[in-house]
Structure formats: C-alpha cells, structure tokens
Amino acid sequence: MCDLTQTLLKDTSDPKEGFLSLFHDFPNGLAPMAGFTTAPFRSIAARLGASFTVTELVSARGIRHDPDLHRSERYLHPTTGDKPWGIQLFGFDAEDFAFAIDRLLSDPRYRDVSFIDLNMGCPAPKVIREGAGCALMRDEDLVGRVVEASVKQAARYLKPVTIKIRSGISKEHINAVRVAKIAEQYGASAVTVHARTLDQYYSGHADWQVIRAVKEAVSIPVLGNGDLEKPGDVEKMRDMTGCDGAMVGRAARGNPFIFSWLKEKSESAVSLLEYVSTEDWFDVMVEQLDASIELLGESVAVREMRSQFAFYLKGFSGSSEIRRKVMEPVTREGVLAVLEEAHRMREQAFLLYLNR
Ligand SMILES: Cc1cc2nc3c(=O)[nH]c(=O)nc-3n(C[C@H](O)[C@H](O)[C@H](O)COP(=O)(O)O)c2cc1C
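Peer 1: For this particular structure, what's the right way to read the overall build of the protein?
Peer 2: Scanning the protein from N- to C-terminus turns up 17 helices and 9 strands. Against the 2.2 N^0.38 benchmark of 21 Å for 356 residues, the protein shows a C-alpha radius of gyration of 20 Å, consistent with a compact globule. Principal axes of the C-alpha set define a box for the protein whose edges measure 65 × 45 × 40 Å. Taken over 356 residues, the protein has a buried fraction of 46%. Counted over contacts in the protein with a minimum sequence separation of 6, partners at least 24 positions apart contribute 70%.

Peer 1: Whenever I open this one, the domain arrangement of the protein confuses me. Can you help?
Peer 2: Reports of interface size often rely on the accessible area that becomes lost once the parts have come together. Along its sequence, the protein is organised into domain 1 (3-268) and domain 2 (272-354). The straight-line distance from the C-alpha centre of domain 1 to that of domain 2 is 29 Å. The biggest single contributor to the side of domain 1 that touches domain 2 is helix α3 (residues 39-47), with 4 residues. Looking at side-chain class alone, the side of domain 1 that touches domain 2 contains 8 nonpolar, 5 polar and 2 charged residues.

Peer 1: Even after reading the chapter, I still don't get the nonpolar core, so can you show me in this structure?
Peer 2: Generally speaking, a soluble globular protein has its nonpolar side chains buried in company with each other. By size, the foremost hydrophobic cluster in this structure holds 97 residues, and its most contacted members are F97, V147, A183, A188 and V191. Lining this core are residues from two domains, each supplying at least three of them: domain 1 (3-268) and domain 2 (272-354).

Peer 1: When you look at the packing of helix α9 (residues 176-185) against helix α10 (residues 208-217) in this model, what are you seeing that I'm missing?
Peer 2: When two helices pack together, their arrangement is given by the angle between the helix axes and by the axis-to-axis distance. Between α9 and α10, the least distance of the axes is 9 Å, while the angle of their chain directions is 35°. Crossing of α9 over α10 shows right-handed handedness. Between α9, through A176, V177, A180 and K181, and α10, the contact on the second element is made entirely by V210, A213, V214 and A217. Classifying every residue of the contact of α9 with α10 gives 7 nonpolar, no polar and 1 charged.

Peer 1: Before we go on, may I ask you to explain the pairing of strand β3 (residues 85-90) in this structure?
Peer 2: Remark: a regular strand shows side chains that alternate across the two faces of the sheet. β3 sits mainly inside the fold: 6 of its 6 residues count as buried. The two faces of β3 match: W85, I87 and L89 on one face and G86, Q88 and F90 on the other face are all buried. Strand direction decides the pairing type here: strand β2 (residues 53-59) and β3, joined by 5 bridges, are parallel. Bridging across to β3, T53 finds its partner in W85. Here 4 bridges tie β3 to strand β4 (residues 115-120), and the two strands are oriented parallel to one another. Bridge pairing links G86 to F115 in β4. Crossover connection from β3 via helix α6 (residues 94-105) to parallel β4: handedness right-handed.

Peer 1: Explain unusual backbone geometry to me, please; I cannot follow it from the model alone.
Peer 2: Among all residues except glycine, the phi angle is most often negative; among peptide bonds, the trans geometry is most common. Even without glycine at this site, L158 takes up a positive phi of about 55°. Within the fold, L158 resides in the loop between α8 (140-155) and β5 (161-170). Classification of L158 by C-beta neighbours within 10 Å gives partly exposed; the count is 13. Positive phi values are uncommon outside glycine, yet Y201 reaches one of about 55°. As for its position among the elements, Y201 is in the loop between β7 (190-197) and α10.

Peer 1: How should the pairing of β7 be read in this particular structure?
Peer 2: Along β7, 8 of the 8 residues are buried, which leaves the element largely enclosed by surrounding structure. Every second residue of β7 is oriented toward a common face, with A190, T192, H194 and R196 on one face and V191, V193, A195 and T197 on the other, all of them buried. Sheet topology note: the β5/β7 ladder contains 6 bridges and is parallel. Looking at the pairing, R166 lines up with H194 of β7. Relative to strand β8 (residues 222-225), β7 runs parallel, the two being bridged by 4 bridges. Residue pairing in the sheet places H194 in a bridge with N225 of β8. Regarding the hand of the β-α-β motif, the stretch spanning β7, α10 and β8 is right-handed.

Peer 1: Explain the packing of α10 against helix α11 (residues 233-241) here, please?
Peer 2: Relative orientation of the contacting elements α10 and α11 amounts to 50°, with a least axis distance of 8 Å. In terms of orientation, α10 and α11 fall into the oblique class. As α10 packs across α11, the resulting crossing turns out to be right-handed. Listed contacts from α11 to W208, I211, R212 and K215 of α10 are M237, M240 and T241. Looking at the contact of α10 with α11, its residues break down into 4 nonpolar, 1 polar and 2 charged.

Parameters at a glance
Residues numbered from 1 in each chain as written. Predicted model: local features only at pLDDT ≥ 70, side-chain atom pairs only at ≥ 80, totals over all residues. Helix = DSSP H or I, 4+ residues; strand = E, 2+ residues; numbered from the N terminus. Rg over C-alpha atoms; globule rule 2.2 N^0.38 Å. Buried ≥ 20, exposed ≤ 12 C-beta atoms within 10 Å, placed from the backbone. Contact = placed C-beta atoms within 7 Å. Domains from an automatic or database assignment. Nonpolar A, V, L, I, M, F, W, Y, C, P; charged D, E, K, R; others polar. Core = buried A, V, L, I, M, F, W, Y, C linked by C-beta atoms within 7 Å. Axes fitted to C-alpha atoms, helices over the stretch in contact; angles between N-to-C directions. Left-handed = near helix turned anticlockwise from the far one by under 90°. Pairing = 2+ DSSP bridges. Right-handed = clockwise from strand over helix to strand, strands pointing away. Parallel < 35°, antiparallel > 145°, perpendicular 65-115°, else oblique.

Okay, structure coming up:
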C-alpha cells in the first residue's frame, strides 16, 4: 500500500477493520443494481433492515467528462437514514477513478458517504466493450493500478474503498482469489464476491465455494453474494464460506422487506404474503413512488417506477393482469388507482391463504 494511505489511515482505523467497523453485527446489504437501487429504494431498504446500501454503478469517466455531474447526479443521491451507504464507480482507467473519487468526496453533498465501491463484476456488453466492469478481471495489473489510485485518493478523505468482483471470466478462468489478493495488497478494505463467472451472466447457480476460497486467501473482510433469497440462505452461506457479510440483489427487487425476512428461522418461516401485511406493502410502494416523484418529477418517475412495480406486484392471484395495468398510467393519480386495485386483490389472496 502507498505510504500516504498508510499514514492517513494509521490515525483513524486499520483499513482492514475499516469496513466491518461500520457495523454492529454480520452485515447483509443491498447489492448495487442499475435501475433499481435508486435513492428512494435504498432509503426504504435501509430502514427495513438492509445493513448498508450501494448506489448503482456510476461511470468514473462520465464524472471526469462532466464534473458538474449533470448526467450522474441523479444516481448519486445519498441514502437517507443512519445506515452506511456506498457509491459504486465503474471504469477502466486509474486516473478516471482518482478524479471521480476526489470530485465526489470533496463535494459536501457526498461527504457522508461511508465507502467507495469499485465495480469489477458488471457483465453488460456495453460496459465490457470499453474494458470496464468485469473486463477489469482480465487484466490483473490494471486491477492493482485502479485500486491503488482509488485507495490513495479516498484515503485523503479517510474513506475506505471496497471492490465487487465475480468468480472470474469463465469456468476455465476463475481468478477471484488472485484479484482479491491484489486488491488487498493495494489497500482495499473489503471484497464482495458475486460467485458467478462473467460468461454465466446471471444464469446457473452461484458457486459459493469460490467465496470460501477468497475468504481463506485474504485477511480483509469478504462479503458473499449470489442467490440469497429465502430464510436460512444467509446462514448457509456463512457456514459454507466463513464470509464476513453478504449482499442481496435480485431478491430485493420489489421486496425491501427481504432483509428482515431472511433472518427468520428457516424451519418456522412464514411466506412473504403472510410476513408482510398488505397495508405495509402498499404504503412502501406509495412511499417509493412519492419519493421518486420528488427526485425526478411526476412524468419521469411514473415511467421509471414501472419496472419496480413489475416486481412489487407479484405473488397473488391476478397479479399478472395488474402488472400489465400498471404500465399504462402517466400520472401519480393513475398509478394510485392501479395500486389500490392491487391492494384489494392481495388482501383477498391473503384471506384465501389463511382459510386454505
Ligand atoms: C438489474 C440488475 C442490475 C445490476 N446492476 C449492478 C450494478 O450496477 N453494479 C454491480 O456491482 N452489480 C450489479 N448487479 C449485480 C448484483 O449486484 C448482484 O451481484 C447479482 O445480482 C447477484 O446477486 P443476487 O443473486 O442476490 O441477485 C446487477 C444485477 C441486476 C439483476
């Protein structure tokens, strides 16, 4: 690790302790998801039990080319409440990362961010083509340069840097352990492993053994990610891998209640329909809609909330028809009418479920 980083961090906390010291117990956070982990959703998830949240990926080069943040500001809004939150950056050039980190951390609006996360796992073709996201894992020297430059810059503001990687590029090229060791060597404070390879995209199963291999190889905290979706899963991952924390992605879409539900004892866990009352479920949807309107204006928010509602409106009879209906309204009032209909249908489904 560079001397400057060591000197700066010595006075505060050991970077290896830095990330875990943000939490009182085993952290289970909301994984970054483009289009989903908006500030309103992050804030709701944090209130309902996510130990921490992370913005969706934001382009480091985009920030360098647009330092007034006209295009990226909307993704960077802080999570409200007192839970730790991170900003995730993606890119392919160490200097871009350094610039972006300095630009953000010197801005009073982002002063309270808890950590900076570096994206090394995105498989989207548009991101891979420019050599960013999971493409970074193909160039381990570049991983070192990116982490070193980022840690050095973030250390000036006493903020830890974490990385989020995949298992590797393909099953013939699993290099999560090597990448995690390089990141540790250059001062990263934690590593999250999404235990799929780049060429798996989101298919197949996550191979948690890779998380275990990374945990055994490094002494910085390792967070496990991939396929956590029902009560008992987090404990299973923890037992199998020894991981220090976890992140939940897809299962949280349209379901910010999942963080507390996952903590239910698996043997006695009730279904989500029973766990979350229709009232709470409805109120959270309206809360997210209204917070999004405040941030983006009614017309944009109503359209962008459609993909989020497609996930909320699931799991009761008639929900596919409601999902189709919620794509149509262009005003808050119109959306509310559909949500109220959904409320009636879910409540009916719940009563049928109780009398089954
Ligand atoms: C729609 C979508 C968007 C995503 N966007 C990001 C992103 O911006 N940054 C990132 O590191 N991972 C992103 N991911 C990956 C998730 O953070 C997570 O690693 C992955 O979904 C595996 O976890 P899960 O099985 O709990 O979903 C995204 C995943 C999905 C489904």
